[in-house]
Each structure stands twice: as structure tokens, then as C-alpha cells.
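# Architecture and fold: a report
What follows is the residue order along each chain.
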Amino acid sequence: MVDASSQPLIETQNLVKKFGSFTALNGVSLKVFPGEVHALLGDNGAGKSTLIKALSGVHQPTSGKIFVEGKETRFNSPRDASGVGIGTVYQDLALNSLTSVTRNFFLGREMKFGKGPFGILKMKEMHEIAINEMAKIGIKIEDPEQPVGTMSGGQRQTLAIARAIYFGAKVLILDEPTSALGQLQQMEVLKTIKKVQQLGHIAIILITHNEIHARLIADRYTFISLGEVIGSGTSKDLESDDIRRLMAGGAKVGDLAKELA
Amino acid sequence: MTSELSRQEADRHRPKGGLRSIISRPEIGPIGVMLLLFGMLGYFSIPAAETTWNPFAGEGFNALGIRNNLRVISQLGIIALGAGLLIIAGEFDLSIGSMIGFAGACMAMTLRWGFSIILPYLSFEGGAHLEFYTLLHIPDVSPSLAIFITLCFTLTFGWIQGFIIVRSGLPSFIVTLGGLFFLRGLTEVSLRSFNHRPDQSKGATTVTEIPDLKNVINLPGHGEMEREAAKYLPEADLISIVKGLPADTITEITERLEYTFQRVAEAKTDLMVAKGVKPLERALENALESNNEFMVKTIQDKIANFKIDPVVPKSVTEVDIARAYIDTISTVQPIADFFGGNILESLFDWLYFPIDWNTNNFGNQFAPGLYSCVMIWVILSLVCYIVLSKTQVGNWIYSTGGNLSAAQANGVPTNKVKISLFVFSAFCATLFATCQVFEVNTSDAAKGNLKELEAIAAAVIGGIVMTGGFGTVLGIIVGAFIFGLAKEAFFYIPGIDGSFYRVFLGFVIIASALLNENIRKRIMGNI
């Protein structure tokens with residue numbers, strides 16, 4: 001993959017976020033490199049969501065620094081974050097099931113003739129772009145007029161990812177992309193992520209519960225527990241047992257089968 | 001193993017054939033009902049004496065029938081567009097009907113009494129009491145100014161409703177229900193307090209005596225006056241008007257009048273023949289019943305030889321020419337004519353002379369044209385179609401209703417979209433009221449009652465899903481047609497109460513809602 005000496009696309013240093021007396025993040029540092037899948041692992045309530053919300057501009061950190069391509073940056077709104085190329089694909093994907101693929105792909109950023117919101121849509125061009133961009137990461141769509149509701153979960157995920165990339169995302173944050181999907185569709189999504197990784201210039205932050213999925217595609221791991229980083233490393237450094245132990249927040253997970261017996 | 005792998009998710013859906021794909025289109029149900037109602041209106045309105053398979057022979061599709069039916073349909077269509085677009089964006093407006101009443105009263109009162117802005121203030125000279133300062137007074141309000149003033153009030157009210165809904169997050173049902181009562185009450189209160197002469201203490205809840213603005217003409221030598229008044233000027237004045245006309249205009253009018261008088265005379269003759277023959281036919285029936293062969297033969301002879309002198313057509317006088325000429329003078333109030341006048345007048349003239357189709361039982365021209373509101377509906381539908389299907393705003397409206405949080409996450413200004421549509425809904429109600437006021441030159445506090453529900457019903461029948469995000473302008477148009485046609489068609493069914501159309505519409509509304517929900521679920525992937 002990419003050697004660690006190259007510049008990280010996004011880096012956090014000692015990120016702290018407090019909600020009143022509650023400390024959600026307590027000095028989190030991580031580096032994400034282009035062309036890498038960076039798996040962010042941790043149990044429920046570990047602070048993963050707070051971390052990605054700080055990275056996507058939804059929350060402002062209490063202290064600590066965020067660097068994008070080496071420059072210190074402050075996000076006051078999600079718009080600031082997407083402006084510097086941080087694209088977040090949330091679990092609900094922000095898709096409107098009732099309208100077509102193209103209308104969703106360009107939702108809020110439609111191409112049109114003339115200025116102002118009453119500009120006429122360039123439907124033909126938008127159809128082509130939507131089909132091509134989705135094909136680039138591995139999903140062939142026959143009919144761009146097809147309502148999103150009729151697509152499979154994996155296809156929808158691909159649509160949301162392709163959209164984020166097309167609109168300039170250099171850092172792609174994927175929030176539990178495989179949860180709530182069937183086995184086959186999970187594989188579809190993993191393939192899509194692999195394709196994005198192979199594009200080479202995009203850094204992917206993958207939040208997941210599923211260690212198997214993480215092992216299949218992640219290049220680098222960061223484990224979070226109770227708002228702190230409890231372990232990190234590349235896929236080569238870590239053993240399967242380490243990963244399982246770290247995911248559970250550092251506690252020793254015994255033989256589950258024995259405990260249940 | 002290989003055969004299982006090659007089986008795809010898509011294989012589980014039965015492929016759609018030609019007929020199946022037509023039947024499963026969402027518009028097919030409403031369009032079917034519309035065609036059924038067209039047929040019903042046609043056949044039931046055929047007069048009892050005639051037997052024909054042509055539905056266009058019925059009263060529903062003669063010139064006057066078309067004029068009246070299209071008026072009902074297009075009036076409903078105008079407000080259904082406002083209501084429908086708003087439902088697509090996920091909200092709805094119950095204040096449309098009251099807004100119609102309010103807009104009509106506001107417009108009629110400013111046209112009748114003028115417009116002023118009066119500021120009250122507290123005065124302490126000679127004891128504390130309220131004084132009134134007249135900031136602005138316009139005694140003569142033109143139609144365009146009246147429309148402008150009304151729009152200022154209605155659009156502001158629409159904006160306020162939208163603002164409250166998006167800011168508070170309250171359901172639009174409650175806020176606009178409040179608007180429904182507020183506006184209807186305000187209309188009644190305003191009419192009673194302002195709609196009276198200085199010597200009267202209380203006004204009526206109707207505004208009358210507004211001049212027929214769309215028919216005000218500038219008659220040479222007489223100045224501006226209403227068309228009807230001009231026609232009944234002293235005959236000497238009328239004849240002097242004809243003297244000033246160019247020769248070919250006179251020839252043209254004379255030709256047309258001769259045609260009309262000929263038709264009237266023929267109609268009279270037919271009527272007299274019918275009157276003379278009818279008693280004979282009744283006698284013939286009796287004779288047939290009693291088997292009196294001699295009488296049967298005698299009466300049959302009498303019917304066969306029944307003759308009457310044809311009525312001689314009236315000759316064209318100069319006064320007739322003057323009155324016909326006055327009808328052709330164009331109005332000096334084009335705005336009033338635009339909303340309340342007729343359209344396609346030359347087409348309907350042509351259908352009478354020379355085509356002889358647009359002719360009533362007395363030989364005169366039946367319908368002068370279509371109501372202007374038809375044109376306004378067509379324009380508004382076109383604009384709505386382009387905006388909803390072809391522009392960026394259209395995509396915003398669909399996504400606001402389809403998935404609000406997704407729309408917001410993608411930077412769609414959903415609050416602006418919703419507020420604008422509340423304003424648009426108020427605008428449609430104002431258009432409805434404008435057409436009505438300039439058509440009939442009166443207004444009433446009860447105008448527009450229940451129209452909000454009719455508009456919503458038309459939208460639902462046309463395939464708009466109540467939860468938002470789904471529907472087309474074509475659907476709304478079809479919905480308005482179904483509603484309007486049902487009203488008329490049931491009126492003609494013999495031996496049935498006219499209100500059965502409501503029973504029928506009740507069924508149609510529920511059936512449409514079920515169908516819409518089914519289509520929505522299919523698209524959402526729940527079926």
C-alpha cells in the first residue's frame with residue numbers, strides 16, 4: 001500500500017470533545033493516508049460517532065487539532081468539512097427512495113441551464129455521469145430513471161459513495177456501511193470499498209462492528225474505547241486475537257462457547 | 001452450483017409483458033375513471049327523445065355544456081395544483097377555501113369602496129380617546145391594483161403559515177386548520193365592519209353593485225360605459241354610431257345578423273310545427289289503442305299533411321347593427337377581462353357562423369367562448385409541470401416530501417421550499433377568487449367553503465400520496481377532471497339524486513388512496 005512516510009490526508013492530534021461534564025473523546029490522535037482503508041473499531045458508546053462527527057464538522061472539538069493535507073483546519077459546519085473534501089456517508093445514506101437514481105445522485109447539486117433554482121435540469125448529462133460514476137466503483141445501472149427504492153441495499157450504498165466521490169470527497173467516512181445488509185449485499189459493499197481504495201487518491205475511514213469485514217479490506221486499524229485510542233497499527237502488525245481483544249475494549253474475551261455452555 | 005449462482009435477484013421478479021406494463025402504470029387507474037365519466041356524462045345527457053351512440057350528441061358536450069363543465073373543472077384544477085404541490089412536499093393546506101373567501105371579499109371591497117390605510121393613535125386633547133389618521137386613501141381602485149393589494153394580504157398570510165410550520169415543527173394540519181377559522185372569521189368581520197355606506201351601521205356579508213368591469217367599453221362620442229348600458233342608448237344615438245362605421249364593417253355585421261335571424265326564424269318554425277303535431281300524435285296513440293282504424297288513418301293523413309307558414313326572418317335594422325357592433329368593441333379593462341372574460345371567442349363565433357354547431361334551440365349563438373379561468377388553469381398547469389419535472393426546484397420539492405433529512409443533508413433548503421409552496425397555495429386560492437370576482441362581479445363571505453377538501457381530494461384521486469414525495473402534475477389535472485366530471489355526469493342520470501356524485505367520489509377517493517399507497521410501497525421496496 002502506501003508507505004507511512006507519505007503525508008496523511010487527514011490527521012487529528014489530541015482531539016478532546018466534552019459534552020458538559022461528559023468526556024466523549026479524551027485525546028484521540030489518528031492519521032489517515034490516501035489509498036488506505038482505515039478501520040475505526042470500538043464497541044457501542046466508545047466515541048466513534050463523536051469522532052466522525054468532529055471530522056465531518058457536525059461537532060466542534062473542545063480542544064485538539066485537525067489537519068487536512070498538513071494544514072490545520074477548523075470546521076464550523078458540515079459545509080466547511082465537505083468544502084475541503086471530507087465526504088460522510090451516514091447509515092441512512094441520505095437518499096430519497098421515491099425518486100430516480102440520477103435525481104438522488106445530484107440532489108442539492110443539480111446541473112442545470114441558467115442560474116437560480118428555476119434552472120432547467122440537464123437530465124441527459126446527469127444520467128450519463130451517474131451511470132459512469134457508479135460503474136467506476138463496480139455497479140452497473142441499466143436505468144438511471146429507476147427509483148432508488150427498487151435498488152438493493154448494496155446498490156444504494158454504492159450510489160451514496162459514488163455521489164460523495166464525484167462531488168470531491170478526498171476523505172470518505174463510511175458509517176457502518178455493512179450493518180443491516182444481507183450477506184451477499186455486504187460482499188457487494190466491501191467490493192465497492194475495495195474499488196475506491198484502488199483508485200489510490202482517496203482515504204477511507206471505515207466504522208464497523210464487524211471484525212471479519214475489517215480484516216478483509218482494512219490496511220490500518222484504530223481501536224477506541226471510552227473515548228481513548230487503546231491500540232492501532234497496520235494489518236500486518238496485528239493478530240486476529242489482538243483485534244478481537246481490542247474491539248471488546250481491551251477486556252479479555254474468553255472462549256464464548258465455553259462461557260455459554 | 002453454477003445454475004444457482006447464475007440466478008440473480010432480478011430473476012425473482014416476474015418479467016413484465018406489454019399489457020402488464022401498461023396496466024401497472026400509476027396513471028392508468030385515474031385515466032380509466034376519467035374516460036368512464038366522460039362516457040357517462042355524454043350518454044346520460046342525451047335528451048330522452050333521441051337515440052344515438054354518439055356521446056357528443058348529449059347536452060354535456062354541446063357548446064354550453066363544454067363551457068360550463070370546463071369552468072367547474074378548471075376552477076378546481078387551479079387550487080388542486082397549489083394543494084397537490086404542497087402535498088408532494090409533505091405538507092398540506094386546509095386554509096385554501098377560507099383564503100378564497102378572504103381574497104374575494106378583499107378584492108370586491110377594494111373595487112367597490114376603494115382602499116385606505118388608517119392608523120389609530122391615542123389622543124389626550126379633550127380627554128384620552130382614539131383618533132384616526134388616514135395615511136393613504138385611493139378612492140378608485142383599478143382591477144390590477146385590487147389584485148395587487150389582495151396578493152399582498154394573501155401571500156403574506158401564506159408565508160406566515162409556512163413560517164410557523166417550519167419553525168415550530170407543528171403539523172401543518174393544525175396550523176392551517178387555525179388559518180381556516182381565522183380567515184373565514186376575518187372575512188365575515190371585515191365585510192360587516194367595512195362593507196357599508198357611511199349612513200349604514202352594519203355591512204352585509206356580500207359585496208354587490210361592482211360594475212361589470214370586464215365589459216366597460218369606450219364608446220365613441222359617449223365615453224366609458226358598460227356594454228349593456230350602451231346597447232340601450234336611445235335609438236337615435238345608436239343610429240348615429242352606425243353612420244360613423246366603415247362600409248365593410250357594416251356589411252360584415254349585416255351578413256352575420258341575417259344569418260342569426262334566419263336561424264331564429266327556422267327555430268321558431270320548427271317549434272310551431274312541433275307544437276301543432278304533438279296533439280295529433282297523442283290523438284293517434286289513443287286511436288291506435290282503441291283500434292279505430294278510420295281515426296288512425298285520418299290522423300295519419302293529418303300529420304303527413306300538417307303544414308305551417310314558415311316564420312319570416314326579421315329584417316336587419318340599423319339599431320341591430322349598432323348593438324352587434326357594440327358587442328365587438330374591446331374592453332378598456334384588459335386585466336378584468338383577462339381573469340373574468342371569455343377566451344376563444346373567435347373560435348366559438350366561427351362554430352356558430354358559418355359552422356352552425358354552436359346554436360341553441362332558439363337559433364341564437366349558444367356559448368360566447370370558454371371562461372378565462374380555463375386559460376389560467378392551462379398556463380398554471382404548464383408552469384407547474386415544468387417546475388416540478390424539469391427544474392432544480394422540482395427535485396427539491398420531491399426530496400423535501402420524500403425524505404426530509406436526506407434533503408437537508410444534501411443541502412436542499414427544505415424550509416424555503418415549504419414556505420414557498422404555502423405562498424404558492426395562497427397564490428392559487430387568490431387566482432381562483434380573482435377569476436370568480438371578475439366573472440360574476442360579486443363576492444360573498446361563504447365563497448370557497450369546503451374547497452380546500454375538494455382540492456386535496458382531486459390531488460389524491462390524481463395519484464398524489466398523502467405522505468409526500470410522490471405524484472405528478474398530469475395526475476393532478478386528471479384528478480380535477482374526475483372531480484368536475486363526476487359532479488356534472490351524476491346530475492344528468494335520470495331518476496337519481498344529484499348528490500350521488502359525492503357517494504361516488506367517496507369511493508373513488510378511498511380506492512385511489514389505496515392504489516397510491518400500493519404503488520408507493522412497491523417503489524419503496526416493501527412489496
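Residues numbered from 1 in each chain as written. Chains lettered and ligands numbered in written order. Predicted model: local features only at pLDDT ≥ 70, side-chain atom pairs only at ≥ 80, totals over all residues. Heavy atoms only, no water.

### Digging into the packing of aromatic side chains
The full count for this structure, using the stated rule, is 20 aromatic pairs over all chains. Centre to centre, the rings of Phe-105 of chain A and Tyr-166 of chain A are 5.7 Å apart; their planes meet at 55°, and the pair counts as tilted. Of this pair, Phe-105 of chain A sits in helix H3 (residues 101-105) while Tyr-166 of chain A sits in helix H5 (residues 153-166); the two residues are 61 residues apart in sequence, bridging distant segments of the chain. Using a relative accessible area of 0% as the deciding quantity, one classes Phe-105 of chain A as buried. Residue Tyr-166 of chain A is classed as partly exposed on the basis of its relative accessible area of 30%. Centroid distance Phe-338 of chain B to Phe-339 of chain B: 5.1 Å. Interplanar angle 85°. Geometry classified as edge-to-face. Taking relative accessible area as the criterion, Phe-338 of chain B reaches 37% and is therefore assigned partly exposed. The ring centre of Tyr-371 of chain B lies 3.9 Å from the NZ or CZ of Arg-67 of chain B, which sits over that ring. Positioned over the ring face of Trp-113 of chain B is Arg-112 of chain B, at 4.3 Å from the centre of the ring. (Phe/Tyr/Trp six-rings, centres within 6.5 Å; stacked < 30°, edge-to-face > 60°. Helix = DSSP H or I, 4+ residues; strand = E, 2+ residues; numbered from the N terminus. Buried < 20%, exposed > 50% of the residue type's maximum accessible area, 1.4 Å probe, protein only. Lys NZ or Arg CZ within 6 Å of the ring centre and 35° of its normal.)

### Describing a negative patch on the surface
Together, Asp-248, Glu-252, Glu-255 and Glu-258 of chain B make up a negatively charged patch on the protein surface. If you trace the backbone, Asp-248 of chain B turns up in helix H10 (residues 247-289). (Patch = residues over 30% accessible without salt bridge, like charges linked within 9 Å, V, L, I, M, F, W, Y side chains within 5 Å. Areas by Shrake-Rupley, 256 points an atom, 1.4 Å probe, with all protein chains shown as cover. Salt bridge = Lys/Arg side-chain N within 4 Å of Asp/Glu carboxyl O. Lys, Arg positive; Asp, Glu negative; His and termini not counted. Charge placed at Lys NZ, Arg CZ, Asp CG, Glu CD.)

### Focus: the pairing of strand S4 (residues 63-68) of chain A
Residues and elements named next belong to chain A. Looking at chain direction, strand S1 (residues 10-19) and S4 are connected through five bridges and run antiparallel. Paired with Val-16 across the two strands is Ser-63, which belongs to S4. Alignment of S4 against strand S5 (residues 71-73), held across three bridges, turns out to be antiparallel. Each bridged residue has a counterpart across the sheet, and for Val-68 the counterpart in S5 is Lys-71. Between S4 and S5, which follow one another and run antiparallel, lie two residues, and Glu-69 among them has a positive phi close to 50°. (Pairing = 2+ DSSP bridges.)

### Focus: the pattern of salt bridges
Residues and elements named next belong to chain B. Scanning the entire structure with this criterion turns up 17 salt bridges over all chains. In this structure, Glu-228 engages Lys-231 in a salt bridge whose closest nitrogen and oxygen atoms are separated by 3.5 Å. Taken together, the residues span about one helical turn, with Glu-228 and Lys-231 both in helix H8 (residues 227-231) at a distance of three residues. On the accessibility criterion, Glu-228 (47% relative accessible area) is partly exposed. Classification of Lys-231 by relative accessible area gives buried; the value is 13%. One connected set of salt bridges, linked through shared partners, spans Arg-112, Arg-197 and Glu-209.

### Details of the nonpolar core
Nonpolar side chains tend to gather and get buried jointly when the protein is soluble and globular. By size, the foremost hydrophobic cluster in this structure holds 104 residues, and its most contacted members are Leu-37, Ile-78, Leu-85, Leu-380, Ile-397, Phe-438 and Ile-482 of chain B. Each of two domains, domain 1 (28-92 + 372-524) and domain 2 (112-207) of chain B, supplies a minimum of three residues to this core. Beyond its immediate stretch of four places on either side in the chain, Leu-85 of chain B contacts Cys-384, Leu-388, Ile-397, Leu-421, Phe-424, Val-473 and Ile-476 of chain B. The next biggest cluster of nonpolar side chains, apart from the first, holds 44 residues, and it includes Met-126, Met-134, Ile-137 and Leu-190 of chain A. (Core = buried A, V, L, I, M, F, W, Y, C linked by side-chain atoms within 4.5 Å. Domains from an automatic or database assignment. Contact = heavy atoms within 4.5 Å.)

### Description of the confidence of the model for chain A
Mean pLDDT over chain A stands at 83; residues scoring 70 or higher make up 91%. Looking at the elements of chain A, mean pLDDT is at its lowest for helix H9 (residues 256-260) of chain A, recorded as 66, and at its highest for H3 of chain A, recorded as 91. (pLDDT = per-residue confidence, 0-100.)

### Topic: the domain arrangement of chain B
Each assigned domain of chain B is listed here: domain 1 (28-92 + 372-524), domain 2 (112-207) and domain 3 (215-333). Look at where the C-alpha atoms of domain 2 of chain B and domain 3 of chain B centre, and you get two points 49 Å apart.

### Description of the sheet that holds S5 of chain A
All names here are of chain A. Spatially, S2-S1-S4-S5 is the arrangement adopted by the four strands of the open sheet, whose pairing is antiparallel. Because the sheet does not close on itself, it has two edges, and the strands there are strand S2 (22-32) and S5. Each adjacent strand pair in this sheet contributes to an overall mean axis angle of 30°, direction not counted. Contacting S1, S2 and S4, helix H1 (residues 48-55) runs over the sheet at an angle of about 115° to S1. (Axes fitted to C-alpha atoms, helices over the stretch in contact; angles between N-to-C directions.)

### Re the pairing of strand S4 (residues 216-219) of chain B
Residue and element names in this part refer to chain B. For S4 and strand S5 (residues 223-226), the ladder comprises four bridges, and the chain directions are antiparallel. Across the sheet, residue Asn-218 finds its bridge partner in S5, namely Glu-224. Taking the residues between adjacent antiparallel strands as the criterion, S4 and S5 are bridged by three residues, where Gly-221 takes a positive phi near 85°.

### Quick word on the environment of Ser-330 of chain B
Relative to the assigned elements, Ser-330 of chain B resides in the loop between helix H12 (318-328) and helix H13 (334-340). On the basis of relative accessible area, Ser-330 of chain B is assigned to the exposed category, the value being 58%.

### A closer look at a nonpolar patch on the surface
Residues and elements named next belong to chain B. A grouping of Ile-117, Leu-119, Tyr-121, Tyr-133, Leu-135 and Leu-136 is seen on the molecular surface, where their side chains present a nonpolar patch of about 540 Å² in accessible area. Where the nonpolar patch is concerned, the elements lending two or more residues are strand S1 (115-123) and strand S2 (129-138). As for its position among the elements, Leu-136 is in strand S2. Note on Leu-136: relative accessible area 35%, which makes it partly exposed.

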